[in-house]
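Residue-level structure breakdown
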Amino acid sequence: MGGILVSMEGIEKTFPGVHALKDCRFELRAGEIHALVGENGAGKSTLMKILTGVYTKDAGRILYKGQEVEIPNPKAAQDLGIAIIHQELHLMPHLTVAQNIFIGREPRRGAGLFLHERQLNQQAQDLLEKMNLDLDPRARVGDLTVAKQQMVEIVRALSFQSEVLIMDEPTSMLTDTEIQELFRIIRELRGQGVGIVHISHRMEELKQISDRVTIMRDGRYIATVDTKAVTIDEIISMMVGKEIYETARTDQTASDEVMLEVRHLNRGRDIKNVSFQLHRGEILGFAGLVGAGRTEVARAIFGADPLDSGEIYVHGQRVEIRSPHDAVRHGIGYLSEDRRRYGLMPTLDVGTNIVAAALERFTGGAGWLQKGNIQETAQAQVLDLSIRTPSLEQRVRYLSGGNQQKVVMAKWLVRNCDILIFDEPTRGIDVGAKSEIYRLLNDLAQSGKGIIMISSELPEILRMSHRIIVMCEGEITGEMTAAEATQERILLYATKRESIARH
């Protein structure tokens, strides 16, 4: 590792009702991969947004290559050579790879009136080859996989001659193979002297990729340690301030009562002859690689996407579900993997979001909202789920990712749905919040709810499920009990390397 690129000292930041950062510090060296970890709301993203000019600090100082600097806006950070790749990619899908990389800086000809397409593509090709990336600069970004879109973001950041690259949850949407390709690129950048900040909730990644780890908790700096010198358990203990144990699946066996049955569901190439049952008190895990069709099945059951054919039965009765309203009416709740887009109203307050799915219960005879009843119900959910918010009036958009997820869960608990579909319930959530959500899922199953849990994390599927269904390319390729399941067996079914086995 080289000299110190970035040093942040005594950083303070306050938002209305929240002291987000308290005397924080951070250091990044050239040619270093530095992991930044902490629970949701610990202050990681806020600290990095100050470094990239999205927020301005209230106190403290930032040194870049030994010189004190002010970073009032993202352009100032970019000019210094500091770039960030956000969890939500900021690309224009209708433009090509080359156009996205150089947007606003395109080479022109004819006195600047015309785009020099050939030169643009060549410049992009030179950058892609430098990173050993097999991407066509003329390809439309909207046609690329999420992993390849992420590569475009990295190349765009490096096109500004960036020496500091901040990556916020870069692996959350990637398969294991894609993660290894990303890590290859990250290591290559490290070898070129780039300083990389790697923000992630996936603890197992830290040992693979990072040189040092900085831990934050409750807006404060806790420690910086050499990755090789600590265990994952020690890092987690520093993150949460106590030892924490992820709750295992309940030993309670599911009932024989069938709450939900789907028969021969079909929808284009996404869903092919899918049939299964969900029992009362069961957590039914859905495993598979990205694009296997798990989310498509969930959306079809919930009425978000139309089916070509198939039948859905709730408590033994065939039902017609043509919209989410129909699904909710039949006691089915769906927590989307994209909670901000489909699960929340980000500009509205916490209380309104919590009661949104059952609003008719809080409306008086004249159509007026019963604000006292709303407040009492919402406050009970905030306490039960440990939702960290300054008040019920706080806009949901200002909560951390984990607390936003809890608000979505609270919404369906208030609605009191019997059948709950959780799509990637712990994506982007820290270990402390994960344990709380695992406990909640177990509690719901023990209370008689039927739960479908879609997850790309195999340890989570194995830990939580009573029974596991595996999908590949729109089909169910395997089904097994928790006792029969192993990571290797799930992966075999997920890649269709073994004949279909249904037990």
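Residues numbered from 1 in each chain as written. Predicted model: local features only at pLDDT ≥ 70, side-chain atom pairs only at ≥ 80, totals over all residues. Heavy atoms only, no water.

Points about the overall build of the protein chain
Within the protein chain one finds 17 helices and 23 strands. On C-alpha atoms alone, the protein chain measures out to a radius of gyration of 24 Å, which is about the 23 Å that the 2.2 N^0.38 rule sets for 503 residues. Each principal axis of the C-alpha distribution contributes one length, and for the protein chain these read about 70 × 50 × 50 Å. Across the 503 residues that make up the protein chain, the buried fraction comes to 53%. Considering only intrachain contacts with a sequence separation of at least 6, the fraction spanning at least 24 residues in the protein chain is 65%. Within the protein chain, one finds 61 positive and 68 negative side-chain charges whose respective centroids are separated by 3 Å. (Helix = DSSP H or I, 4+ residues; strand = E, 2+ residues; numbered from the N terminus. Rg over C-alpha atoms; globule rule 2.2 N^0.38 Å. Buried < 20%, exposed > 50% of the residue type's maximum accessible area, 1.4 Å probe, protein only. Contact = heavy atoms within 4.5 Å. Lys, Arg positive; Asp, Glu negative; His and termini not counted. Charge placed at Lys NZ, Arg CZ, Asp CG, Glu CD.)

Structural notes on the side chain of T377
By the element assignment, T377 lies in helix α13 (residues 371–384). Excluding its chain neighbours within four sequence positions, the residues that come into contact with T377 are F362 and V414.

What to know about the sheet that holds strand β16 (residues 309–314)
Pairing is antiparallel across the open sheet formed by four strands, whose spatial order is β14-β13-β16-β17. Because the sheet does not close on itself, it has two edges, and the strands there are β14 (271–279) and β17 (317–319). For this sheet the average axis-to-axis angle between neighbouring strands, irrespective of direction, equals 20°. Of the pairings in the sheet, the one linking strand β13 (residues 258–267) to β14 comprises six bridges and is antiparallel in character. Looking across to β14, one finds that V262 is bridged to F276. Each of β13, β14 and β16 is contacted by helix α9 (residues 294–301), which is oriented at about 70° to β14, the strand it contacts most. (Pairing = 2+ DSSP bridges. Axes fitted to C-alpha atoms, helices over the stretch in contact; angles between N-to-C directions.)

A closer look at the environment of L399
When you line up the elements, L399 lands in the loop between α13 and α14 (401–415). For L399, a relative accessible area of 8% puts it in the buried group. Put simply, L399 and E12 are 387 residues apart on the chain and 19 Å apart in space, counted from C-alpha to C-alpha. Among all residues touching L399, those that are not within four sequence positions of it are V350, I387, R388, T389, Q394, Q404 and V407.

A few points about the packing of α14 against helix α15 (residues 431–446)
Packing of α14 against α15 leaves a shortest axis separation of 12 Å and a crossing angle of 15°. In this view, α14 runs roughly parallel relative to α15, as classed from their interaxial angle. Considering the relative orientation of α14 and α15, their crossing is left-handed. Residues Q405, K406, M409 and L413 of α14 touch α15, and the partners they reach there are E436, I437, L440 and L444. When its residues are assigned to classes, the contact of α14 with α15 shows five nonpolar, one polar and two charged. (Parallel < 35°, antiparallel > 145°, perpendicular 65-115°, else oblique. Left-handed = near helix turned anticlockwise from the far one by under 90°. Nonpolar A, V, L, I, M, F, W, Y, C, P; charged D, E, K, R; others polar.)

Focus on the pattern of salt bridges
Counted according to the given criterion, the structure contains 27 salt bridges. Each of E27, R29, E32 and R212 takes part in one network of salt bridges that share partners. (Salt bridge = Lys/Arg side-chain N within 4 Å of Asp/Glu carboxyl O.)

Points about the sheet that holds strand β9 (residues 164–168)
Taking strand neighbours across the sheet as the criterion, the six strands line up as β6-β9-β10-β3-β11-β12 in an open arrangement whose pairing is mixed. Strands with a single pairing partner mark the edges of an open sheet, and in this sheet they are β6 (82–85) and β12 (220–226). Each neighbouring strand pair of the sheet contributes to a mean axis angle of 20°, computed without reference to strand direction. Strand direction decides the pairing type here: strand β11 (residues 212–217) and β12, joined by six bridges, are antiparallel. Looking at the pairing, I215 lines up with A223 of β12. Sheet contacts for helix α6 (residues 176–191): β3 (33–37), β9 and β10 (195–199); angle to β10, the most-contacted strand, approximately 145°.

Some points on the packing of aromatic side chains
Taken as a whole and judged by the stated rule, the model has four aromatic pairs. Between the aromatic rings of F276 and F286, the centroid separation amounts to 5.1 Å while the plane-to-plane angle is 70°, which identifies the pairing as edge-to-face. Placement of F276 in strand β14 and of F286 in strand β15 (residues 283–287) is noted, with a sequence separation of ten residues between them. The exposure class of F276 is buried, given its relative accessible area of 4%. Considering the side-chain rings of F302 and W412, the 6.0 Å spacing of their centres and the 90° angle between planes classify their relative orientation as edge-to-face. (Phe/Tyr/Trp six-rings, centres within 6.5 Å; stacked < 30°, edge-to-face > 60°.)

Comments concerning the packing of helix α5 (residues 146–158) against α6
At a minimum axis distance of 10 Å, the contact between α5 and α6 shows a crossing angle of 15°. One way to sum up the angle between α5 and α6 is to call them roughly parallel. Helix-helix and strand crossings are classified by hand; for α5 and α6 the assignment is right-handed. Contact with α5, carried on its side by A147, Q150, M151, I154 and L158, involves E178, E181, L182, I185 and L189 of α6 and no other residues of that element. Its residues assigned to classes, the contact of α5 with α6 shows seven nonpolar, one polar and two charged.

Structural notes on the nonpolar core
With 78 residues, the main nonpolar core has L260, F276, I301, I332, I354 and W412 as its most contacted residues. It is α15 that provides the largest number of residues to this core, a total of seven residues. The contacts of I354, once residues within four sequence positions are left out, are A378, Q381, V382, I387, V407, A410, K411 and V414. Ranked by size, the runner-up nonpolar core spans 36 residues in total, among them L165, M167, F183 and I209. (Core = buried A, V, L, I, M, F, W, Y, C linked by side-chain atoms within 4.5 Å.)

Regarding the confidence of the model for the protein chain
On average, residues of the protein chain score 86 in pLDDT, and 92% of them are at 70 or above. Least confident of the elements in the protein chain is strand β23 (residues 501–502), whose mean pLDDT is 44; most confident is β16, at 97. Below a pLDDT of 50 lies the segment residues 243–248, which in the model reaches 19 contacts outside its immediate sequence neighbourhood of four places, other chains included. Counted against residues more than four places away or in other chains, residues 497–503, with its pLDDT under 50, gives 19 contacts. (pLDDT = per-residue confidence, 0-100.)

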